[in-house]
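Coordinates in review
So the chains spell out like this:
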Amino acid sequence: MASLNHYLILSGVIFTIGVAGVFLRRNLITILLSIEVMLNAVNLSFIAFGHFQGSADGQIIVFFVITVAAAEAAVGLALVISLFRHVETLNPDAFRQLRG
Amino acid sequence: MLIWIPLLPLLGFLINTGAGGRLPKSISGAVASLAMLAAFGVSVVEVAALLNQARGGRELVQTIYTWIASGDFQIPLTLRLDPLSALMILVVTGIGFLIHVYSTAYMHDETAPEYARYFSYLNLFAFFMLLLVLGANFLILFVGWEGVGLCSYLLIGFWYQKPSAADAGKKAFIVNRIGDVAFILGVLLAFVRFGTLDFQRLAGALGPMAPEAAFGAVSLIALLLFIGATGKSAQIPLYVWLPDAMEGPTPVSALIHAATMVTAGVYLIGRNAVLFSHAPEVLLIVAVVGALTAVWAGLFGLVQTDIKRVLAYSTVSQLGYMFLAMGVGAYAAGIFHLFTHAFFKALLFLGAGAVIHALAGEQDLRYMGGLRRDLPITYWTFLMGSLAIAGVPGLAGFFSKDEILYRTFASGHAWLWLIGAATSLMTAIYMFRLVFLAFHGPRRARGSEAARGVGAPQAELLERGGGPPRLNDEAPQHAHLHDAPRAMAIPLVVLALGSILAGYVGFPEMFGGANWIEHFLEPSFTAPALAESLEGTEAAGVAASHSLEMVLVIVSSFLALAGIGLAAQLYLKHPGVPARLAARFPWLYRFLVNKGYVDEIYDETLVQPIRSLSENVLWKGLDTRVIDGAVNGVGTIVVETGAAVRHLQTGSMRAYALSVLLGAVLMVGYYLWR
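A few words now on the packing of helix 14 (residues 307–327) of chain B against helix 17 (residues 396–410) of chain B. All names here are of chain B. One can describe the packing of helix 14 onto helix 17 by two numbers: an axis separation of 9 Å at closest approach and a directional angle of 40°. Taken together, the axis directions place helix 14 and helix 17 in an arrangement best described as oblique. The handedness of the crossing between helix 14 and helix 17 comes out as left-handed. Side by side, helix 14 and helix 17 meet where Tyr321, Leu324 and Ala325 of the first sit next to Lys401, Ile404, Arg407 and Thr408 of the second. A class-by-class count of the residues in the contact of helix 14 with helix 17 yields four nonpolar, one polar and two charged.

Here we take up unusual backbone geometry. Residues and elements named next belong to chain B. That bond from isoleucine 236 to proline 237 is cis: its omega, 5°, falls within 30 degrees of zero. Note that proline 237 resides in the loop between helix 8 (217–232) and helix 9 (241–244). Residue alanine 360 is not a glycine yet carries a positive backbone phi of 55°. Structurally, the position occupied by alanine 360 is in the loop between helix 15 (331–358) and helix 16 (376–390).

Counting from both sides, the interface comprises eleven residues of chain A and, opposite them, twelve residues of chain B. Tallied by class, the residues present in the side of chain A that touches chain B amount to six nonpolar, two polar and three charged.

Looking now at helix 2 (residues 28–53) of chain A. Structural remark: α-helix, 3.6 residues per turn; residues separated by three or four positions point the same way. Residues and elements named next belong to chain A. Between its terminal C-alpha atoms helix 2 stretches 38 Å, which fits the 38 Å expected from 26 residues at 1.5 Å a residue. Buried within helix 2 we find Leu28, Ile31, Ser34, Asn43, Ser45 and Ala48. The inward-facing, buried residues of helix 2 contact helix 1 (4–24) and helix 3 (57–87). Among the residues trailing helix 2, glycine 54 stands out with phi positive, at a value near 70°.

This paragraph deals with the nonpolar core. Within the largest apolar cluster, 206 residues are counted, with the highest numbers of intra-cluster contacts made by Phe125 and Ala346 of chain B. Beyond its immediate chain neighbours, meaning those up to four positions away, alanine 346 of chain B contacts Ile95, Leu98, Ile99, Ala254, Ala258, Ala259 and Leu495 of chain B.

Another aspect to go through is the domain arrangement of chain B. Taken domain by domain, chain B consists of domain 1 (4–463 + 481–535 + 546–593) and domain 2 (600–672). Each of domain 1 of chain B and domain 2 of chain B has a C-alpha centre, and these two points are 59 Å apart.

Right, let's talk about helix 1 (residues 4–18) of chain B for a bit. All names here are of chain B. Between its terminal C-alpha atoms helix 1 stretches 20 Å, which fits the 21 Å expected from 15 residues at 1.5 Å a residue. Taken as a whole, helix 1 has its buried residues at Ile5, Pro6, Leu8, Pro9, Gly12, Phe13 and Asn16. Projection of helix 1 onto a plane perpendicular to its axis shows the buried side chains occupying an angular sector of 160°, all on one side. A positive backbone phi angle near 55° is found at glycine 20, which sits one or two residues after helix 1.

How each quantity is defined
- Counting of residues starts from 1 at the beginning of each chain's written sequence and follows it residue by residue.
- As they are written, the chains are lettered A onward and the ligands numbered 1 onward, keeping that order.
- In view of the model being predicted, local features appear only for residues whose pLDDT reaches at least 70, and side-chain atom pairs are presented and counted only at 80 or more, with totals across whole chains, interfaces and linings using the full set of residues.
- To obtain an axis, a line is fitted to C-alpha atoms, over the contacting stretch when the element is a helix, and the angle between two such axes runs from 0 to 180 degrees between their N-to-C directions.
- Only runs of H or I of at least four residues qualify as helices and only runs of E of at least two qualify as strands under DSSP, and these elements are numbered from the N terminus.
- If an angle is under 35 degrees, it is roughly parallel; if it is over 145, roughly antiparallel; if it lies from 65 to 115, roughly perpendicular; otherwise it is oblique.
- Two helices that cross are described as forming a left-handed crossing if the nearer one is turned anticlockwise from the farther one by less than a right angle, and a right-handed crossing if clockwise.
- A residue pair is marked as a contact if its C-beta atoms, positioned from the backbone, fall within 7 Å.
- Each residue is assigned to one of three groups, with Ala, Val, Leu, Ile, Met, Phe, Trp, Tyr, Cys and Pro labelled nonpolar, Asp, Glu, Lys and Arg labelled charged, and all others, Gly among them, labelled polar.
- Multiplying 1.5 Å by the helix residue count minus one yields the expected span of that helix.
- Neighbour density around each residue's C-beta defines its exposure: 20 or more other C-beta atoms within 10 Å make it buried, 12 or fewer make it exposed, and counts between make it partly exposed, where C-beta atoms are placed from the backbone.
- Here, a nonpolar core means buried Ala, Val, Leu, Ile, Met, Phe, Trp, Tyr and Cys residues linked by C-beta atoms lying within 7 Å of one another.
- Here the bounds of each domain stem from an automatic or database domain assignment.
- This arc is taken over the directions from the axis of the helix to the C-beta atoms.

Dropping the structure here:
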């Protein structure tokens with residue numbers, strides 16, 4: 001029988017994978033995917049907390065997160081497409097025009 | 001009813017200002033004059049009511065409303081009429097009215113808006129002066145005090161297109177401000193020390209105290225008030241504005257010198273007589289300053305060639321007399337001289353104005369002469385004024401001046417008397433020099449042959465100033481001389497009668513008179529508690545020395561007549577002598593003609609250092625460096641900080657994400673290992 005800690009450790013691992021993806025990958029779409037991974041890691045811990053407390057609140061929050069994540073993915077992908085049309089690359093280091 | 005006395009001139013001011021010169025000249029002149037006449041009428045009624053009261057406690061009080069109420073500090077807007085202010089309002093409204101009437105003719109060449117502006121200022125002047133003399137506490141007096149200063153600025157600089165007039169206006173205002181600073185300090189100190197600004201309460205608080213033996217708070221208050229008075233009343237060292245004030249229209253000079261403004265300082269001391277009596281050392285300073293001013297200004301009067309400047313210095317000199325009287329404790333004598341002086345000085349200025357008017361603006365005595373035949377009214381009235389100011393027995397100036405000289409001598413300061421007597425001689429000389437040069441002898445129109453005979457140094461000046469003879473445009477101005485028109489002649493005649501008769505209200509006891517004015521005024525100069533017990537105390541002490549008074553009167557009468565005789569010798573019989581004297585003592589002559597170089601000394605020691613301080617320290621140092629530096633410095637700091645911090649903004653998304661992560665880790669870490 002898996003305990004709460006198991007879920008939390010799994011969630012932490014997935015979250016770390018997401019963070020590593022954001023910082024290490026050089027493709028904007030991959031970075032977006034990594035952010036989705038981080039969001040889902042957090043969703044997992046919400047569900048786990050909710051389940052072990054016998055409350056539905058965790059699941060309700062997760063629904064919200066999924067909604068927001070869908071919107072975020074739509075906006076993010078639109079931006080990526082737009083950026084790609086301008087500079088023909090998806091390397092985030094290419095976008096430095098806002099340097100002070 | 002009292003409120004109407006200052007209010008009527010204020011109404012005149014509002015009408016003439018509000019209508020903005022859309023009124024025809026005759027109406028704006030009439031409005032202003034009628035306002036003054038009505039104020040005079042109300043004053044007469046009020047003073048008559050005052051005279052019906054018992055002698056000890058004569059006063060009329062009207063409180064309009066409480067002006068300032070802040071805890072214990074209560075300043076009601078109260079007007080109080082007592083014998084002193086009764087005399088003052090009669091002078092201000094009565095002589096002021098005559099000057100208004102005179103002005104309607106004198107200023108007739110001005111355009112309608114200028115004419116209305118002139119009369120509105122004139123009315124405003126009278127309003128502030130009436131407020132000054134009717135106010136029952138220092139604050140109301142101060143409003144009037146500043147108001148007359150403002151109006152003097154406006155009127156002296158009335159012809160502001162002339163730079164000299166604009167400068168003279170500024171000079172009058174600024175010099176007065178110096179005195180005003182001391183005045184304010186004195187008032188504040190009086191409030192701190194006595195907790196009241198009401199004149200009567202102040203006198204009541206001082207009444208039981210003994211006069212200060214050493215220089216203390218009371219003396220300091222008195223001294224500060226006196227410095228304020230030297231500014232307004234043109235005493236050493238702040239008299240320099242008055243001769244320059246001649247740049248204004250001549251009736252304005254009459255108003256400033258006779259009825260308003262310069263009398264304010266004398267009034268201030270008279271109003272606070274109890275305070276000054278408690279500061280004997282300050283009184284001595286007042287007397288000495290007064291005597292010195294009298295003789296100092298008299299000296300310059302002897303050589304001035306501008307008809308109005310001679311009169312200006314004579315005013316300074318006569319004010320010196322008044323301060324001398326105040327300083328020896330003869331308050332009533334000083335106010336009496338103020339009263340008689342108002343008549344003959346207004347007369348002299350208006351007469352001089354008539355001369356200038358007739359000669360189309362000529363003010364230089366060297367180009368006058370022989371006007372007696374063409375301007376008979378002006379001549380005879382002017383002569384009356386001159387006789388009165390010289391102190392010829394029987395005329396107004398004689399009684400008041402001799403009262404002052406006698407009281408000075410009786411106070412034990414024989415040397416002050418000597419200065420006063422010498423000034424009396426000089427007064428006679430310079431006044432009759434003026435009369436003889438302007439009205440007697442041959443006519444010396446500018447550029448004419450006779451103008452060359454005036455004297456060596458004067459002729460030299462003449463060549464420089466007058467240029468070659470221009471007979472075509474200069475000479476004919478004397479050809480159609482006309483005497484004063486009726487609106488100018490009537491005030492002259494009234495004032496001449498006043499100059500003859502005004503002295504009889506103070507007819508001295510030794511000639512069998514009652515010296516009515518002295519007894520009338522006395523309650524104003526004593527603490528309220530003492531006023532009722534005053535009856536009969538004064539007469540005993542004075543009666544013993546009538547023989548002394550008689551000797552002094554004979555001496556000063558002789559001096560007056562000797563001065564006139566000397567002037568006749570110098571300027572009628574032997575017209576070459578003054579020039580030879582001037583040639584014999586060139587340094588003295590230059591010193592006097594240049595007014596003792598006082599203006600130059602002030603310029604070097606005060607004006608220029610202040611200018612250079614303002615320019616080099618305050619402007620280029622404080623303003624440019626400190627203030628501009630602070631403002632620009634704030635901007636520079638923002639720019640510099642931004643330039644340094646902008647490098648944080650790398651534009652790299654990864655770096656931002658890293659900083660977010662680090663921030664999150666730090667916050668979580670802080671809560672975990674706290």
